[in-house]
Each structure stands twice: as structure tokens, then as C-alpha cells.
Amino acid sequence: MTTPAAALTEGTDSPYALSHLDALESEAVHIFREVAGEFERPVILFSGGKDSIVMLHLALKAFAPAAVPFTLLHVDTGHNFPEVIEYRDRVVAEHGLRLHVASVQEYIDRGDLKERPDGTRNPLQTVPLTEAIQRHRFDAVFGGGRRDEEKARAKERVFSLRDEFSQWDPRRQRPELWQLYNGRHAPGEHVRVFPLSNWTELDVWQYIAREEIELPQIYFAHEREVFQRAGMWLTAGDWGGPKQGESVEKRLIRYRTVGDMSCTGAVDSDATTLDAVIAEIAASRLTERGATRADDKMSEAAMEDRKREGYF
């Protein structure tokens, strides 16, 4: 029986034709090598989420058998899922990589940031991120954003220029015809790079299946104590949930996207295998962020507003 991951390679007339996944992989590998040739201090944002995991896998492929010539950066909100942080640290150790961690909690402890009334720290990541970029003088920053996730991300180019304040101006977008990427930037500016721009959520999962990439088990169906808020199942924790009147119950759920516990919702699911997850996503009519991210529901332009301020 043909698996969903293998189905994409069928129907090609030529034995030399690239499958859909091969074409996406080739494009991403080209982007990594282009950045290595154009920039002096690139960094990969790595959170332990599935998109950053695929991005790191592609970087490892792009430079094998040599080591990845980039360091990693994670903005830790302090409200991340413990199993994702454990996965992050284990992968970094396995590959002998260097990881910079910018801690939101440290900024709060110093009084440079204040907790929000709703308890979410996701919007608080912007200052630690931009200051880490400036402090380490990173001139190219890889992110796992995809155009299918959200309308503001659909506006981005693969190479997206940020000014000296890390702010994004859509009017400064550059054409990228024939995969020609313009990395020119002034001192103090940097470029955000999105090698997965043309991928979809389904592409990511099919590639994970094909490459047999290990993921945190949070992405597969498991029993978890959750409570409902604003139509989403959130994980109970010290971040501020549940409140009075919000009852905790144990449900069989999984996560389609992973971020701050206070804004990332789970979905009811019995998908415990890669093929089951792929089938579930193929039948879905909601994007992962549209279905499970409270931070994107704050306003119609929530993501674009944050991107203009320096968020990814």
C-alpha cells in the first residue's frame, strides 16, 4: 500500500524528475548555501518545534559531511512545553551545536519587561529577540515561517530585510525572480531568511515521514490535562491557567503547532502515527495557526503588527 509520504513520487514520467518534496528540499538547501556565501554571521532560530526541526535537518543536509556553519538561537518565554525544551537540548548536544538562549524571564526579573494581564508571554519575545540579534551582530536570521500559515507571513519574501531596529517594512520587499536573492543590507540592518516559505503544513509532515525525522511526542495524540478558554484546549500550568470557573479535564489531544503554553491550543485527535497525522491534516480546512494560536486572534492584523515591531 502506498503511504501518503510516498504518494508524491508517483506519476513522474522521467526517472530524473524531482518529486514535489525533492524540489522543496533542493530549494531550501540552495537558500542555506546562498546565505553561507553572502553573510558573515547567520543564525538559525531553533525552538524544538516541527518547522525549526525540519529547518535544522535541511541545514545538516546542506553542509554534510561538514558541520553546520551557523549557531542556533531560541527565545525562551519560560512558558514553553517541558518536553519540547528537553528535545531542543538533546538535539543540540547530539549534533555538537552552539545554542544561544534569550530568556524572557530574565527581562521580567530585571524589570525590562512586564507580565501581560492575559498571562501570555508570546508577544514579549520581540525585545529579547531583537537585542540578541544586535548583541551578537547576526546579519542573517533563519526562521521557519511558511506562507500558508498566516496572511502576514504570506507577504514575506524568502530574504526579508529588517532595519536597524529589526522592524519590517512591506514596502521594502525585493523581487526574487529565478531564485535570485538579494542580501544587501546597511550596517545595523539584517535579513530574515525563510527557507520553508513555499512549504505547506502537509509538505512538512510528508517530509518528516520521508526523512524519518524524530519529533517531540507532543505532536502526536496523547492524554493530557487541559482546560477550555476562548474555544481552545490549553495546558494547565503556572503561567495563569486555569482561572476560577475553568475546569481541568483529561483528554486525548495533540498539538499542530507549539509555542507559548498560554497561547497554543491543542486539538482533539487520535492520530498517534505519522500517517494518521498526515491524513488528519489533509482533511483539515483550517491552518494550524488559525485553529490553535490565540496570539493571532488578538486582531485582524495581529501578526503583521508584531512583525513590524521586530517579531518573526
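The model shown is predicted, which means the values in this text are computed figures rather than measured ones.

Asks: I would appreciate a short explanation of the pattern of salt bridges in the present structure.
Replies: Two side chains carrying opposite charge are able to pair once their charged atoms lie near each other. Taken as a whole and judged by the stated rule, the model has 23 salt bridges. The salt bridge partner of glutamate 25 is lysine 61, with a shortest N-O separation of 2.6 Å. You can see glutamate 25 sitting in helix α1 (residues 20–38) and its partner lysine 61 sitting in helix α2 (residues 50–63), a full 36 residues away along the chain. We classify glutamate 25 as buried; its relative accessible area is 14%. The shortest N-O distance in the salt bridge between arginine 162 and glutamate 156 comes to 3.2 Å. Ionic contacts of the salt-bridge type, sharing partners, join the residues Asp22, Glu25, Lys61, Arg210 and Glu211 into one network.

Asks: Honestly, the environment of arginine 88 in this entry has me stumped. Any pointers?
Replies: Of note, arginine 88 is situated in helix α3 (residues 82–94). Since its relative accessible area comes to 6%, arginine 88 is described here as buried. With 36 residues separating them in the primary sequence, arginine 88 and serine 52 have C-alpha atoms 10.0 Å apart. In this structure arginine 88 touches Phe46, Ser47, Gly48, His74, Asp76, Leu99 and Val101, once residues within four positions along its chain are discounted.

Asks: Explain the sheet that holds strand β10 (residues 267–268) to me, please; I cannot follow it from the model alone.
Replies: Picture the strands of a sheet paired through backbone hydrogen bonds; they go either parallel or antiparallel. With antiparallel pairing, the four strands of this open sheet are ordered in space as β8-β7-β9-β10. Because the sheet does not close on itself, it has two edges, and the strands there are β8 (232–235) and β10. In this structure, strand β7 (residues 222–229) lies alongside strand β9 (residues 249–254), joined through five bridges in antiparallel fashion. Of the residues in β9, the one forming a bridge with valine 226 is glutamate 249.

Asks: What's the story with the pairing of strand β6 (residues 190–193) in this structure? I'm lost.
Replies: In regular strands, side chains alternate between the two faces of the sheet. Burial along β6 is two-sided: His190 and Arg192 facing one way and Val191 and Val193 facing the other are all buried. Across three bridges, strand β4 (residues 140–142) lies against β6 in parallel orientation. Counterpart to valine 141 in the pairing with β6 is arginine 192. Both strand β5 (residues 159–162) and β6 contribute to a ladder of four bridges, which runs antiparallel. Residue pairing across strands places arginine 162 opposite histidine 190, the latter belonging to β6.

Asks: Is there a simple way to think about the packing of aromatic side chains in this case?
Replies: Centre-to-centre distance and the angle between the planes together describe a pair of aromatic rings. Per the stated rule, a full pass over the model turns up eleven aromatic pairs. Geometrically, the ring pair formed by phenylalanine 70 and phenylalanine 142 is tilted, given 5.2 Å between the ring centres and 40 degrees between the ring planes. Here phenylalanine 70, found in the loop between α2 and β2 (71–76), pairs with phenylalanine 142, found in strand β4; they are 72 residues apart in sequence, far enough to count as distant. The residues phenylalanine 70 and phenylalanine 142 share a single accessibility class, namely buried. Through pairs of rings, three or more aromatic residues link up here, namely Phe32, Phe63, Phe70 and Phe142.

Asks: When you look at the pairing of β7 in this model, what are you seeing that I'm missing?
Replies: Pairing analysis gives four bridges linking β7 to β8, with the strands arranged antiparallel. Opposite phenylalanine 227, over in β8, you have leucine 234 as the bridge partner. Joining the antiparallel neighbours β7 and β8 is a turn of two residues, in which alanine 230 adopts a positive phi near 55 degrees.

Asks: When you look at helix α5 (residues 126–136) in this model, what are you seeing that I'm missing?
Replies: In an α-helix, one turn spans 3.6 residues; hence positions three or four apart end up facing the same way. For α5, the complete set of buried residues consists of Thr126, Pro128, Leu129, Thr130, Ala132, Ile133 and His136. Downstream of α5 by a residue or two, arginine 137 has a phi angle that is positive, lying close to 55 degrees.

Asks: What am I meant to see in the nonpolar core here?
Replies: As a rule of thumb, nonpolar side chains are buried together in soluble globular proteins. Ranked by internal contacts, the top residues of the largest apolar core, which has 62 residues, are Phe32, Ile44, Val54, Phe142, Phe159 and Trp205. The element contributing the most residues to this core is α2, with eight residues. Aside from chain neighbours lying at most four places away, what touches isoleucine 44 is Phe32, Met55, Ala59, Val68, Phe70, Thr71, Leu72, Leu73 and Phe142. Within the second largest apolar cluster, 15 residues are counted, among which are Ala102, Tyr107, Leu113 and Phe138.

Asks: Would you explain the confidence of the model for the protein chain in this entry?
Replies: As a general rule, the predicted coordinates of low-pLDDT regions are not to be interpreted in detail. Summarising the model, the protein chain shows a mean pLDDT of 87, and 87% of its residues fall at 70 or more. Low confidence marks residues 4–10, where pLDDT is under 50. Its contacts with residues over four positions away, or in another chain, come to 14 contacts. Counting contacts from residues 295–300, a segment whose pLDDT is below 50, to residues more than four positions away or on other chains yields 20 contacts.

Asks: I tried to follow the sheet that holds β6 on my own but got confused; where do I start?
Replies: Sheet architecture is open: six strands sit in the order β3-β2-β1-β4-β6-β5, paired in mixed fashion. Each edge of the sheet is formed by a strand with only one pairing partner; in this case those strands are β3 (99–103) and β5. When strand polarity is set aside, the average angle formed by the axes of neighbouring strands in this sheet is 30 degrees. Examined bridge by bridge, strand β1 (residues 42–45) and β4 share three bridges and lie parallel to one another. From the neighbouring strand, isoleucine 44 faces β4, where its bridge partner is phenylalanine 142. Relative to the sheet, α3 contacts β2 and β3, its axis offset from that of β2 by approximately 165 degrees.

Procedures and definitions
- Residues numbered from 1 in each chain as written.
- Predicted model: local features only at pLDDT ≥ 70, side-chain atom pairs only at ≥ 80, totals over all residues.
- Heavy atoms only, no water.
- Salt bridge = Lys/Arg side-chain N within 4 Å of Asp/Glu carboxyl O.
- Helix = DSSP H or I, 4+ residues; strand = E, 2+ residues; numbered from the N terminus.
- Buried < 20%, exposed > 50% of the residue type's maximum accessible area, 1.4 Å probe, protein only.
- Contact = heavy atoms within 4.5 Å.
- Pairing = 2+ DSSP bridges.
- Phe/Tyr/Trp six-rings, centres within 6.5 Å; stacked < 30°, edge-to-face > 60°.
- Core = buried A, V, L, I, M, F, W, Y, C linked by side-chain atoms within 4.5 Å.
- pLDDT = per-residue confidence, 0-100.
- Axes fitted to C-alpha atoms, helices over the stretch in contact; angles between N-to-C directions.

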